[in-house]
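If you want the building blocks of each chain, they are given just below.
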Amino acid sequence: MAIRKNKQSEQPDRNIKSSASSNKKSNRRILGMIYVFAFLFFGMIGYMVYFIGFQAEGLMGNPYNARMDVFNDRYVRGSILSADGQILARTDVDADGKETRVYPYGTLFAHAIGYSTKGKTGLESAANFYLMKSNQNPLFQVYNELTETKSQGDNVVSTLNLGLQQVAAKALGDRNGAVIAMEPSTGRILAMVSNPTYDPNTVVEDWSALTAESNTGGNLVNRATQGLYPPGSTFKIVMALEYMREHPGDWQNFQFDCDGEYVDPENEKYVVHCFDGEVHGTETLETAFANSCNSAFAKIGTEINKTKLRELAEALMFNQDLPIAISSSKSRFNVDSSSDTWTMMQSAIGQGTTMMSPLHNLLITAAIANGGVLKEPVMLDRVESVDGKTIQTFGDGAEQKLMSAEEASTIGGFMRKVVTVGTASKLRTDAYAAAGKTGSAEYTEGGKTKTDAWFTGFAPYDHPEIAVCVVVEDGETGGRTAAPIARAVFDYWLTERS
Amino acid sequence: MITIFTTASKYICLLLIVLYTYCNFRYLSIPDQEDANALCGWQFRMILLIHFLCNVILYLKTGETLTVLFYLLQLAFFIAFVFLSRAVYRNVNRLLLNNTCLFICYGLIMLERLSVNKAEKQFAIIVISAAVSMVIPYLIDKIWDMVGWRYIFAAIGIALLGMVFVIGATSYGAKMSISIGGFSFQASELVKITFVLCTAGMLSKAESFRDIVITSLIAGAHMLILVMCRDLGSALIFFLAYLVMLYVATGQKLYLFFGNVAACGAGVLSYFLFSHVRTRVFAWLDPWADIDNKGYQITQSLFAIGTGGFAGLGLYQGMPNKIPIVEKDFIISAISEEMGGLTAICLTLICLGCFMQMMIIATYMQSGFYKYVSVGLAIEYIVQVFLTIGGAVKFIPSTGVTLPFVSYGGSSLVSSFIVFAIIQALYIIQGNEDEAETEINEMAEDEAERELYGEADEPSEEYLDENYDANAVFDDIPEEYEDPEPDQGRGSRRRRRR
């Protein structure tokens, strides 16, 4: 900065020389301080520009931001479209200017798209910022602002596929549970179904019934992302991976003789049975995985390094927020160095206190299908202005390496075996090669033992195009109840879709 | 029609504040005092225009005639403040004067929008503080012996802070205010000033290392009490002011280095000692993780700033009241939300401009004491600005300090007025001394030229008050009061460089 020349330089210097020079020196220090603080401030202002210009967009859709309602007066909320161009949510304006949010497919997309009339959920919440913004010429917008005309908000194209969603919903039928499918190589969520459901068109009218205490169904909960279930045998994916990591050179030599149950040698009260007491005979790690042999994995559970298992689980996103734009629950994994033998035997087969969401299981499966690299799930494809101009494309999900390519390929091979020789026989077909893992997690409700049926898998085995996770509450077994639903999804996506 | 006006005004105000900010920095690089003063004249007109436009919006939105009355009072105050200051002290720094008005203008507009009641209280305090602060330059000139008061200042400071520690009221985890007869005031705001005066006095008298140690002990006592009151924001402000003063006085970079190391150490220590520090650091690192509770205030602030964007939502169009204690610590977020991020950035830059001007004034000072005083006050000012704005935009953890002149709060206002008045006093005193000196030298030729210039061209209004009297050394104030129009002519001839 140019500083108007100090006046002492132009006035007769009455000061003795030494004091003048010390004055000059301290002035130089003062100028130095100006630079220090100017630098700090420019850093801060740079941050403000960055925040307002770039970072804010992603945060504004947050449901806690009540300010977005301000835009209700300025924009007509944009539409949400499926990847294949069908309108999933739109706003109709009648002659009096009254606006109605319409969901043409009713209950079908209730959880994925959500609602925007009673708070905001699902994509209505995640894409709120884009829907309530209009990308017209800025001058035109100022003009609209001046004339108090509402601008038409931008449309958001999601990654959801109408056909697949319909197939998944039909396959699940009226059983409670969730189906969620994604493209492993990109992270695009293709379908997301949760039962029981509700009609977003009438959610305001139905609100008191939906939230009444007598309603225990939890219709509003998106089971695909927020539902937490004991993972059952699908957790053997994590156990197998941990075993391989602890025995890098010799896991292939693993051998176990299954006689239908595993009794802890130190305490014979600790017994884990194979499903239906089935006797699997001599098994390797691969066949134990394919047979979903509880006894073998319970034994692995007692031998494994608890601290390392906890670390692996957390690296695989247990106890972490899942990287998705809509609300999701954290999966829970409580094993630590203090866990006792019984806890380890239970946890190894996905029982006990471990809880997992279908989305989480899907993400691990997708990472296995994609060479160990998770493409984080995306539900938004692009934003279009009302005249069809593309404003912003979101691209694929961010990458996260969950395991090495070698590990992914080995576990993927195990999962293929589950279909070819193991518990997922319902998926055997010549049309494509599927891979996956079944799970039948037992829980007690009202004194009765019930089973949550799981299937998580991908297909085709060589070049995975789709990963899917199914959970059905109070089902028979994963192989019998969940696998056929996955089959329907795979069939549609890989063979029937034109 | 109303919308057209409010929207147009919004953009005009943005343009004006950008222009104003430009002038603010342009001022620093104009070599000619008259041109610089002309620029200040324009700046003042811009303030009045912004003030007018915003008040029209306030009136249109509220429809209260009281708004008009309040506007007229404020207008009268601005004009009286600026013109009286210039009439009483010819050599007053007009840039600082303008900036004071601008901050008050934005503060009052925002407060009136948030709560008329608070704006009225604020205005009353402004008028009183402004009146009191007018006397300060005169007082400082008369009690030349402020250096001799250094121990008294130290005693006052420590006693006041001690009182806070003993009988202070706790708010947001820190003891900050004492209430006397229903009036509560924040002692640290006033001690800030006595602290600088005391330290500057000690440093200007310091002859040996022993004196430096004594100075440091007194400063340390101040900070220790502040830390015990858990008012860490103030402690940091005091500390940095002390450190920079010490550095400017001694030129020892080592002090700066060890000071910063000590500050970092103290920061880490306070993180472990004080729970409210941990809360704030947590809220800074990831406010989204606990958006309901710890992160609530900062996320609301970020929503406000982000939703407002660069242009702002317009007065009464946002929801600044959603931010807890918005009128104090987060006033900049409210301004950013409704009057635009651009305005917030400009205000930040103007604060930086004030600081630069104060530091430059410090370089003009011949006496070490005055130099240290202005450096100390300048650093306190800029650190406070940095803490409050940086906290609101999540650049740094929030510390709960106010933005001088803009935030609501009596103690902060009074103290800001005194700080600016002291800086003005130093500027005026030095200016008058320079005049006296140059007068002595140029008396002879002045006498000869007086008639020629004085009557030939009438100087324009703009620099009328800037002219100075040959005989007016500061001691002659009373005389000058009676004759506010000194002889004209010289101002246009000789360019005073300040």
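Thresholds, definitions, all that
- Residues numbered from 1 in each chain as written.
- Chains lettered and ligands numbered in written order.
- Predicted model: local features only at pLDDT ≥ 70, side-chain atom pairs only at ≥ 80, totals over all residues.
- Helix = DSSP H or I, 4+ residues; strand = E, 2+ residues; numbered from the N terminus.
- Buried ≥ 20, exposed ≤ 12 C-beta atoms within 10 Å, placed from the backbone.
- Contact = placed C-beta atoms within 7 Å.
- Pairing = 2+ DSSP bridges.
- Axes fitted to C-alpha atoms, helices over the stretch in contact; angles between N-to-C directions.
- Parallel < 35°, antiparallel > 145°, perpendicular 65-115°, else oblique.
- Left-handed = near helix turned anticlockwise from the far one by under 90°.
- Core = buried A, V, L, I, M, F, W, Y, C linked by C-beta atoms within 7 Å.
- Expected span 1.5 Å × (residues − 1).

Colleague: Please clarify how the overall build of chain A should be interpreted in this entry.
Modeller: Helix and strand counts for chain A come out as 15 helices and 19 strands. The buried share of chain A, taken over its 498 residues, is 49%. Long-range pairs, those at least 24 residues apart, make up 67% of the contacts in chain A with a sequence separation of at least 6.

Colleague: How should the overall build of chain B be read in this particular structure?
Modeller: Summing up its helical and strand segments, chain B has 18 helices and three strands in all. Looking at the 498 residues of chain B, the share that counts as buried comes to 52%. For chain B, the share of sequence-separated contacts (at least 6 apart) that also reach a separation of at least 24 residues comes to 70%.

Colleague: Looking at this model, I keep getting lost on the sheet that holds strand β3 (residues 87-93) of chain A. Mind explaining?
Modeller: What holds strands together in a sheet is hydrogen bonding between their backbones, with the strands either parallel or antiparallel. Residues and elements named next belong to chain A. If you trace the six strands from one edge of the open sheet to the other, you get β4-β3-β2-β6-β14-β15, paired in mixed fashion. Every interior strand has two partners, whereas the edge strands, β4 (99-102) and β15 (390-393), have only one. Note that strand β6 (residues 155-158) and strand β14 (residues 380-384) share four bridges and pair antiparallel. Bridge pairing in β14 links Asn 155 to Glu 384.

Colleague: Just to check I follow, could you spell out the packing of helix α8 (residues 236-246) of chain A against helix α11 (residues 306-315) of chain A for this structure?
Modeller: In helix packing, the relevant descriptors are the interaxial angle and the interaxial distance, both defined with respect to the helix axes. Residue and element names in this part refer to chain A. Relative orientation of the contacting elements α8 and α11 amounts to 125°, with a least axis distance of 10 Å. If you check the angle between α8 and α11, you find them oblique. The handedness of the crossing between α8 and α11 comes out as right-handed. Taking contact as the criterion, the partners of Val 238, Leu 241, Glu 242 and Glu 246 in α8 are, on α11, Lys 308, Leu 309, Leu 312 and Ala 313.

Colleague: Could you clarify how one ought to interpret the nonpolar core in this entry?
Modeller: Side chains of a nonpolar character, in soluble globular proteins, are inclined to be buried together. Ranked by size, the top nonpolar core spans 155 residues in total, and within it Met245(B), Phe355(B) and Met359(B) carry the most contacts. Counting residues per element, this core draws most heavily on helix α14 (residues 341-364) of chain B, at 18 residues. Setting aside residues up to four positions removed in sequence, Met245(B) forms contacts with Thr199(B), Ala200(B), Leu203(B), Tyr372(B), Val375(B) and Gly376(B). Counting 126 residues, the second largest nonpolar core, distinct from the first, contains Ile237(A), Val335(A), Met345(A) and Ala482(A).

Colleague: Please clarify how helix α10 (residues 253-273) of chain B should be interpreted in this entry.
Modeller: Counting along an α-helix, one turn takes 3.6 residues, and residues three or four places apart therefore face a common direction. For α10(B), built from 21 residues, the straight-helix expectation of 30 Å at 1.5 Å per residue is met to within 8% by its first-to-last C-alpha distance of 30 Å. The buried fraction of α10(B) amounts to zero of the 21 residues, a small share that puts the element mostly on the outside.

Colleague: Explain the packing of helix α4 (residues 94-114) of chain B against helix α5 (residues 116-142) of chain B here, please?
Modeller: Residue and element names in this part refer to chain B. Here α4 crosses α5 at 150°, and the two axes come no closer than 6 Å. With respect to α5, the axis of α4 lies roughly antiparallel. The residues of α5 that touch α4, namely those facing Ile 104, Leu 108, Leu 111, Glu 112 and Leu 114, are Val 116, Lys 118, Ala 119, Gln 122, Phe 123 and Ile 126.

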